[in-house]
Each structure stands twice: as C-alpha cells, then as structure tokens.
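# Chains, contacts and geometry: an overview
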Amino acid sequence: MPRPPRQAACSLCVQLSDVLAEHIEPHCAMLARALLPALAHQHSRVRTAAVEALVALLLREPSALAELGPQLALLATDRASSVREQAVGSVARLLAEMPHREANTARLLPHLLCALSDEVESIRSLAHTSLARLGGSTDVAAQRVQPLAALAPDLMAAADAATFDGAPPEAADARGEEAARVAAAAAAAAAPPFPPELAETTFAAAPPAGAAGLVACELHRLLPPALKELSDWTAKARIRAADTLAGTLWLVGPAATDHLGPLLAALSKTVEDSDEGVARQVRRCAQLVGRSCDLAVYVPLVLDQLRAPSGAALVGSAATAGCGGNSAGGGADFLRGGGHSRMRPAAVTVLEGAETDAGAIGRRAGWLALLGELLAGATAEQLRPHLSALLATVARPVFCVPGRASDDDAGASFAATQLRLCSFLGQLISSAGAACASGDNGLLLYSALMRVASVPSSAQHGFASQRRAIECLSAMAAAVDGGSAEALHAVFLPPLLAQITAGEAYKSWKVDSAEWHLFQALCRQAGGATCARVLLLLLPPLAAVLSPKEEPTLRLTALSLLDSLLSAEGFLAAPEWAEMGEHVLAAMLLPNAVWRAGKPAEHVRLASYSCVQKLLSADAISGEQLGAHMGGALPLLVAGLDDDNVESRRIACVILATALRRLGPSRVSHEQMRQLYPELTKRLDDASDGVRVAACVPLVAMLEQVRYSASWSEAHNFDRTNFGYFVNGLLVHLDDPDPEIQAAVAEVLERAAPIDPPEFCSLVRAVRGRHRSSKLCDALLENAGGHTGGTLV
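Residues numbered from 1 in each chain as written. Predicted model: local features only at pLDDT ≥ 70, side-chain atom pairs only at ≥ 80, totals over all residues. Heavy atoms only, no water.

It is worth spelling out the overall build of the protein chain at this point. Scanning the protein chain from terminus to terminus reveals 42 helices and two strands. A total of 793 residues make up the protein chain; the buried ones form 55% of that total. In the protein chain, the share of contacts with a sequence separation of at least 24, taken over all contacts with a separation of at least 6, comes to 74%. By element, 54% of the accessible surface of the protein chain is carried by carbon and sulfur atoms, the whole surface being about 32,100 Å². (Helix = DSSP H or I, 4+ residues; strand = E, 2+ residues; numbered from the N terminus. Buried < 20%, exposed > 50% of the residue type's maximum accessible area, 1.4 Å probe, protein only. Contact = heavy atoms within 4.5 Å. Areas by Shrake-Rupley, 256 points an atom, 1.4 Å probe, with all protein chains shown as cover.)

Listed below in structure tokens is the structure:
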C-alpha cells in the first residue's frame with residue numbers, strides 16, 4: 001500500500017539530506033518551513049515522519065530552528081505517544097549532533113525536561129537517558145566558547161532579561177558555569193528521603209550529575225519563557241510549562257536559589273490552579289525547591305509576602321521577564337556559601353495598589369499553599385530554627401482574619417485562606433511536633449488557631465475552617481506528651497488573654513471586632529474550670545462590653561457568653577466568686593435588666609434575667625450580699641414580671657423565688673412584701689399558663705419568709721390586712737377551669753393557712769358558695785382546722 005504523499009515527501013527529505021548533504025544545505029531552511037503543514041497533520045504517522053525530516057534538515061542547517069521551535073514544542077507534548085517519543089529522540093539527537101548546538105541548547109532542552117513528566121514510562125526513560133548522555137558528553141566550560149553574539153535574537157533577549165541587576169550577559173554566563181558546578185555536586189550527593197508528592201515519579205531519585213550541570217548552566221535562559229508560559233490562559237500551555245519547570249528544578253537543585261524571587265512568585269499564582277494537572281505539577285515544583293534550597297532563603301521571602309500590605313505583589317528585579325537575581329552578586333555569594341543577608345532585600349519588590357482586597361486575600365492563600373509545599377519534606381531539625389519566624393507571622397493572621405465584618409465576596413476569600421492556613425499549621429504540627437506546640441512557639445501557634453476558630457461564619461460560607469482549627473488544636477495537644485485540649489487551654493489561655501486585654505484595649509471593642517470574637521472563642525472552648533482560674537482576667541472585658549452605653553447587639557453577645565460560662569461545669573467554683581458575685585450582679589447584669597424600648601432591648605433583658613437566675617442558683621452570692629442590693633434589684637425583677645416577653649416573665653418568677661429563699665425572713669422588709677404579693681398574684685392572670693404556674697413558686701417562697709403580726713409592727717413584715725388581700729387574690733384562681741392552675745393555687749393557700757388560721761377560714765368560707773365546686777375549699781378548711789386544734793364550722 002503506497003504511503004500518503006506528505007509522508008512520502010518527508011521520507012524524500014530525509015534521503016536527500018543523507019545523499020546530497022552538501023548540495024541540499026542551501027535549501028534546508030526553505031524545506032524545513034515547507035514541513036510546517038505536515039508537522040500539524042491530523043495523522044500521527046505523518047507528524048512522526050515530518051519530525052524525522054525536520055531533524056535531518058536542521059542537522060544540516062539549524063537557522064530555521066528559531067522559527068520552527070514552537071511547533072517542535074507542540075510535538076513534544078503531542079496527543080499521540082509515538083509522536084512524542086519521536087520528538088524526544090529527535091531533540092536529543094539535535095542536541096548531540098547539531099552544528100553550533102550551544103546557541104540553541106536553551107531552546108531544545110525544555111522539550112527533554114518536559115518529557116521527564118510524560119505519562120508514558122518509555123518516554124520518561126528516553127528523556128532521562130538522553131539527558132544523562134548529553135550531560136556526560138558536554139563540557140560546561142566548552143558551552144561558553146560560542147560567542148554570545150552567535151545566539152538567536154530571541155535567546156539574546158531572554159539572556160538580557162535574566163541578568164542580575166543589570167549585570168552584563170557575560171557575568172550571567174560566568175555565574176551559570178558556577179551554578180553548573182553547584183548543581184552537579186548537589187546531584188551527586190542527593191539522597192532520600194524525597195517529599196511524598198514526588199513518590200513514584202522520575203523526581204524521586206537523584207538526577208544525573210552531568211545533566212544537572214548542563215541545565216544549571218542554561219538556567220538563566222530556561223526560566224524566563226517557562227515562567228511566562230506558566231501564566232498562559234490555556235491549561236495545555238500551563239501544564240507544559242509546569243512539566244518543564246519540574247524537570248529543570250529537579251536537575252538544578254540549589255542552583256535555583258539565585259532565581260527564587262520570580263520563581264516563587266510564579267509558583268504561588270498557580271499552586272492552586274483550576275486545572276488539577278497543573279496544580280499537581282506546580283506542587284511538585286515547590287517541593288523540589290523546598291528540598292534543594294536553604295530554608296533560610298525561601299522562608300523569609302514567603303513570610304514577607306504574608307506580612308505585605310494588601311495589594312502588594314512579589315516580583316523579581318526583572319519583572320517583565322519574570323526571572324532575575326536577588327542582588328548584585330548575591331546569588332553567586334550564596335552558591336559559594338556566602339551570607340543570605342545580601343540576597344533578601346533586593347529579592348522582593350512591593351507593588352502597592354495592584355490588587356483588590358479579594359485578590360490580595362486569594363494571593364496570600366497561594367503563598368500559604370506554596371509555603372506548605374516548600375516545607376513538605378522538611379524535618380523537625382530543619383524546621384526548628386525557623387519556627388519562631390513562621391509562627392510569629394501567623395500568630396495574628398490579619399491576612400485571612402478580618403478585623404471587621406467583610407462583604408460576601410471577601411468573606412468567601414477569607415474562608416478559603418483560613419482553610420489553607422489551618423492546613424499549613426496542621427502540617428507544621430505534624431512535622432515539628434512538640435517543638436512548635438510548647439513554650440513561646442506554642443503560644444504563637446495557639447493564638448493563630450484560636451483566631452481562625454473565632455471567625456464568625458454563616459451558612460453561606462460554612463464552618464469548615466473553624467472545625468479544622470479545632471482539629472489542629474487537638475493535634476497540637478497530642479503533640480505535647482499526648483495531652484488534651486483542656487490542658488492546652490489551661491497553659492496558653494492566661495497569657496493570650498493578658499495580651500488581648502492589655503492596656504484596656506477591650507474598651508474599644510465592637511460587636512464585629514476580631515479581638516472580641518477571639519475573646520468569646522477562648523472562653524467557650526477553654527471550659528468552665530479553666531476560665532474559673534482566670535476569672536479576674538475575664539470580668540473586666542465583660543464589664544466593659546456590658547455597659548448600657550454599648551450597642552444592644554454587643555451586650556447581647558456578651559450576655560450569651562456569660563450565660564454559657566455560668567452553665568459550664570466548674571466555672572462558679574472559683575473562690576473569687578465569694579467577692580465578685582455581687583459586683584457581677586450589680587454592675588453587669590441588673591443595668592441590662594432595665595426596661596428600654598425595642599426588640600433588641602427586650603432580648604437583652606431576657607439574656608440578663610437568664611444570667612441572674614444562674615448566678616443566684618449557685619452559691620456565688622450570699623444572702624447578706626444579696627440583701628445589700630435588693631433595694632435596686634427588686635424593682636427591676638418586679639418589672640420583669642410584666643415584661644412583654646413571656647420567657648422573661650417566667651424567669652423573673654424563678655429569680656424571685658430563689659432570691660427570697662436566699663434572703664431569709666430577716667432580710668425581707670414589710671415594704672418589699674407589699675411590693676411583691678400584688679405583682680405576683682397579678683401573674684395568675686397571665687396569658688401564658690406556664691407563667692401562671694411559675695408565679696406560684698415565688699408565692700410559696702414569699703410565704704416562707706413571712707414574719708406575721710395581726711397588726712402592723714416594724715418587727716414584722718406581714719399583717720392581717722395584707723394577708724386578707726393576699727388570700728382573696730388567690731381564692732379567685734382556686735376556681736380556675738385549668739386543673740393544673742387549681743392545684744398550684746391550692747398549694748399556695750395550704751402554705752398560707754398556718755399564718756392566721758381563723759382569718760384564713762373566714763375568707764375561704766366567704767367564697768365557698770360562689771365556686772363551681774366546693775371540694776377544694778372544703779379541703780382547705782379541713783387543713784386549716786388542724787392548725788387551730790379543732791374543727792372550724
């Protein structure tokens with residue numbers, strides 16, 4: 001079967017280049033350009049034949065390579081594995097045999113480096129073998145014999161863009177030779193372990209030393225186009241660039257240190273790429289950088305970005321090209337083992353106003369993700385010198401924890417960045433263990449996690465980051481001798497509370513203040529017993545935010561927090577409550593029980609009543625202390641009996657019952673009795689049956705405090721006149737249609753009967769005939785007769 005015409009034409013070019021080598025050389029460039037349609041043919045066999053013909057022609061005349069290079073790059077990532085394999089073999093042949101190959105090394109090497117990540121094992125193996133063979137047969141010093149002027153114009157432009165702070169190209173080439181020696185030495189000494197993302201890849205083994213030197217020598221020309229393509233709008237171009245970078249970074253090792261500024265900036269933008277293939281390969285690139293380069297160099301560069309003002313961006317000294325050095329001579333000094341201080345200042349240029357707030361938040365999420373990948377393979381020993389700087393940067397993560405409420409778009413960006421921060425901190429705990437979970441580092445880590453856990457969220461943004469932060473706290477506690485989260489809070493809660501309340505900063509807290517949210521999270525997560533130990537640190541901020549001058553929403557959240565604490569086991573066991581209980585009641589709770597118009601104020605009163613109930617139910621306030629404040633408290637509690645909110649009325653009944661029993665007969669005055677019983681009996685007409693039943697409880701408690709006298713006396717607090725009004729008010733409800741109300745009122749009347757049995761019986765007989773059933777009245781009369789020693793008729 002005859003071959004297609006295009007395939008036959010390609011074979012003819014190969015034969016002509018072999019047979020008529022000297023005669024065809026002037027026509028090679030024209031013939032190579034004529035192969036362009038065949039290189040893009042739909043059939044893989046034609047494309048394979050075209051690659052073979054192109055190589056044969058370029059070996060005779062390489063001038064057309066600059067024009068055909070992009071097409072060759074596409075063939076190196078062709079959809080057909082046979083074409084890719086042919087392209088890789090052809091590139092290797094060109095590098096080995098092409099005349100003046102030094103001028104085109106930087107153009108051809110990326111195809112082999114990209115093939116190291118090919119999905120087909122045979123192609124990866126071919127690329128690896130070819131690089132090793134080229135490295136073994138190439139003298140790095142000989143690479144510089146070719147004058148720079150002989151380079152193609154596009155490569156000259158890349159070389160100019162990649163120079164170090166305006167240094168001439170010859171200086172960059174000299175550094176390239178030094179980088180080659182460093183890379184070759186590092187490759188020869190490379191040993192496991194490798195980061196987990198590199199497992200089962202070509203990069204999980206030491207690179208060939210010769211190839212490492214060859215690639216490092218051309219690194220300043222290889223990086224600019226690769227970094228530029230990494231931001232291409234097509235996923236195919238980005239994955240090609242990421243594959244090329246991965247192979248490059250694997251080979252050059254620490255020689256990449258001179259280019260960390262622009263390299264890290266490019267990786268941070270694509271480490272969370274929308275295409276999973278790109279993101280996975282960029283993560284591998286980051287792990288290769290982290291394994292090969294010194295933490296003392298790249299950790300400060302990344303932390304500078306997390307601390308940078310909103311809208312700042314990291315660029316190299318050659319921003320347009322995307323690649324550059326760190327300082328004049330700084331990169332070479334590092335490769336010689338010199339200090340890092342010369343490198344850092346010039347590595348970062350801050351561009352203000354380059355991004356919106358949401359963009360800046362997302363950018364920092366990229367830097368966090370990149371930092372996590374850079375440190376993925378770091379050991380505890382390697383991390384230890386840098387833990388303080390790492391944790392100090394995130395202890396107050398203003399880059400992802402807003403100081404005030406944010407809009408929906410920014411809130412979504414914040415939530416994603418918070419999750420990324422938690423993942424990074426979890427990784428740090430896993431790698432560094434107790435070194436980052438104890439002492440000063442532990443406090444910084446605890447601060448960062450609690451600040452994320454304190455961020456208020458919503459159903460729209462979810463609570464994933466808050467849950468993840470709490471999980472990290474548990475992991476942090478386990479890293480410290482397998483301790484519990486409660487033990488962790490006991491250690492770090494006091495110093496962190498002291499920090500956020502220093503200088504009475506709480507006086508400026510608002511309902512959406514980040515520090516107020518943190519304070520709430522600390523109290524709720526630490527538990528009652530732990531909070532009890534720092535009671536004197538908790539009360540001043542609570543008193544400040546519960547001032548009646550503050551907005552109702554702030555006071556409501558504060559009362560909710562206090563209610564939660566009062567319900568927590570162990571909180572009221574603090575010995576300081578013996579002194580502070582009455583102050584909490586008088587200064588924090590009662591002022592918020594004052595009636596004010598509006599629904600927010602109604603909710604504040606309800607929350608205040610709830611706290612008062614729990615405070616009085618415990619032994620935090622003695623009868624003597626309570627008696628000293630009843631003059632101001634009783635009117636507020638009585639007002640609560642008439643509150644619009646049914647739950648406030650019910651709780652007011654419970655509070656009055658508890659308060660009366662705590663006071664005892666000696667501390668309840670005649671005026672207080674006269675103030676109480678009309679309001680309590682009025683509640684028996686309440687619209688809520690629950691309140692009507694609850695009102696009987698303080699009535700019984702009031703009767704228990706009676707000091708009775710038939711006539712008024714200063715030594716007594718209840719007389720016959722008030723007793724008659726009181727009993728008559730109850731007898732009306734003894735005939736209530738609801739059996740539950742009847743039973744509750746009957747119990748109160750049974751307690752009232754022994755106070756003045758003759759008067760009581762007289763009052764009951766007076767209404768007995770008007771009740772629908774005299775059964776309850778007869779029972780009361782019979783019971784009252786026992787108190788008189790006979791039968792009352």
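The discussion continues.
So, about the packing of helix α32 (residues 552-567) against helix α34 (residues 599-617). The N-to-C vectors of α32 and α34 enclose an angle of 20°; their axes lie 9 Å apart at closest approach. The orientation of α32 relative to α34 falls into the category roughly parallel. In the packing of α32 onto α34, the handedness of the crossing is left-handed. Note on element contacts: α34 touches α32 through Pro-600, His-603, Val-604, Ala-607, Ser-608, Ser-610, Cys-611, Lys-614 and Leu-615, opposite Pro-552, Arg-555, Leu-556, Leu-559, Leu-562, Asp-563, Leu-566 and Ser-567. A breakdown of the residues in the contact of α32 with α34 according to their chemical character gives 10 nonpolar, four polar and three charged. (Axes fitted to C-alpha atoms, helices over the stretch in contact; angles between N-to-C directions. Parallel < 35°, antiparallel > 145°, perpendicular 65-115°, else oblique. Left-handed = near helix turned anticlockwise from the far one by under 90°. Nonpolar A, V, L, I, M, F, W, Y, C, P; charged D, E, K, R; others polar.)

Counted under the stated rule, the structure contains 26 salt bridges. Linking Arg-605 and Asp-643 is a salt bridge whose minimum nitrogen-to-oxygen distance equals 2.7 Å. Here the residue Arg-605 occupies a position in helix α34, and Asp-643 occupies one in the loop between α35 (623-640) and α36 (646-663), the gap between them amounting to 38 residues. On the basis of relative accessible area, Asp-643 is assigned to the buried category, the value being 4%. In this structure, Arg-720 and Asp-756 form a salt bridge, with 3.0 Å as the shortest nitrogen-oxygen distance. (Salt bridge = Lys/Arg side-chain N within 4 Å of Asp/Glu carboxyl O.)

With respect to the helices and strands, the residue Asp-685 is situated in the loop between α37 (670-682) and α38 (689-704). The class of Asp-685 is exposed, set by a relative accessible area of 59%. Taking the C-alpha atoms as reference, Asp-685 lies 8.5 Å from His-733; in sequence the two are 48 residues apart.

This part is about the environment of Phe-399. Secondary-structure assignment places Phe-399 in the loop between α23 (387-394) and α24 (408-432). Along the primary structure Phe-399 and Arg-307 are separated by 92 residues, whereas in three dimensions their C-alpha atoms are 7.7 Å apart.

With that settled, consider the packing of helix α7 (residues 81-97) against helix α8 (residues 105-115). Close contact between α7 and α8 brings their axes to 9 Å; oriented N to C, the two are set at 145°. As α7 packs across α8, the resulting crossing turns out to be left-handed. Mapping the contact onto sequence places Val-88, Val-91, Ala-92, Leu-94 and Leu-95 in α7 and Thr-105, Leu-108, Leu-109, His-111, Leu-112 and Ala-115 in α8. Its residues assigned to classes, the contact of α7 with α8 shows nine nonpolar, two polar and no charged.

Before going further, it helps to examine helix α41 (residues 757-768). Counted at 1.5 Å a residue, the expected span for α41 with its 12 residues is 16 Å, and the 16 Å between its end C-alpha atoms agrees. The complete set of buried residues in α41 reads Pro-757, Phe-760, Cys-761, Leu-763, Val-764 and Val-767. The buried residues of α41 all sit within an arc of 165° when viewed along its axis, so they share a single face. (Expected span 1.5 Å × (residues − 1). Arc of directions from axis to C-beta.)

In terms of nonpolar packing, the biggest core is built from 209 residues, with Leu-264, Leu-375, Tyr-446, Met-476, Phe-519, Phe-726 and Phe-760 touching the most fellow members. Of all the elements, α36 adds the most residues to this core, at nine residues. Once residues within four sequence positions are removed from consideration, Leu-264 is found in contact with Val-289, Tyr-298, Leu-301, Val-302, Trp-367, Leu-370 and Leu-374. (Core = buried A, V, L, I, M, F, W, Y, C linked by side-chain atoms within 4.5 Å.)

Moving on, we get to the environment of Pro-208. Structurally, the position occupied by Pro-208 is in the loop between α12 (169-189) and α13 (209-217). Residue Pro-208 is classed as buried on the basis of its relative accessible area, which comes to 17%. In sequence terms Pro-208 and Ala-132 are 76 residues apart; their C-alpha atoms lie 5.6 Å from each other.

On to the state of the cysteines. Tallied over the entire structure, the rule returns zero disulfides. We note that Cys-653 lacks a disulfide partner, and the nearest cysteine sulfur, in Cys-696, lies 9.0 Å from it. (Disulfide = S-S within 2.5 Å.)

Another aspect to go through is helix α17 (residues 276-292). The α-helix winds at 3.6 residues per turn, so residues separated by three or four positions along the chain end up facing the same way. End to end, α17 covers 24 Å across 17 residues, agreeing with the expected 24 Å (1.5 Å per residue, within 8%). Counting buried positions over the 17 residues of α17 gives 13, a clear majority of the element. Two or three places before Gly-277, at the opening of α17, Asp-275 has a side-chain oxygen 3.0 Å from that residue's backbone nitrogen. (Polar contact = N/O pair within 3.5 Å; in protein donor to acceptor, adjacent residues only side chain to side chain.)

Turning next to the confidence of the model for the protein chain. In the predicted model, the protein chain carries a mean pLDDT of 79, and the fraction of residues at 70 or more is 73%. Low pLDDT (under 50) marks residues 311-356, which in the prediction has 107 contacts with non-local residues, meaning those over four places away or in another chain. Here residues 789-793 is modelled with pLDDT under 50, and outside its nearest four sequence neighbours on either side it reaches seven contacts, counting other chains as well. (pLDDT = per-residue confidence, 0-100.)

Phi is positive for Glu-504, which is not a glycine, with a value near 55°. Within the secondary structure layout, Glu-504 lies in the loop between α28 (485-501) and α29 (514-526).

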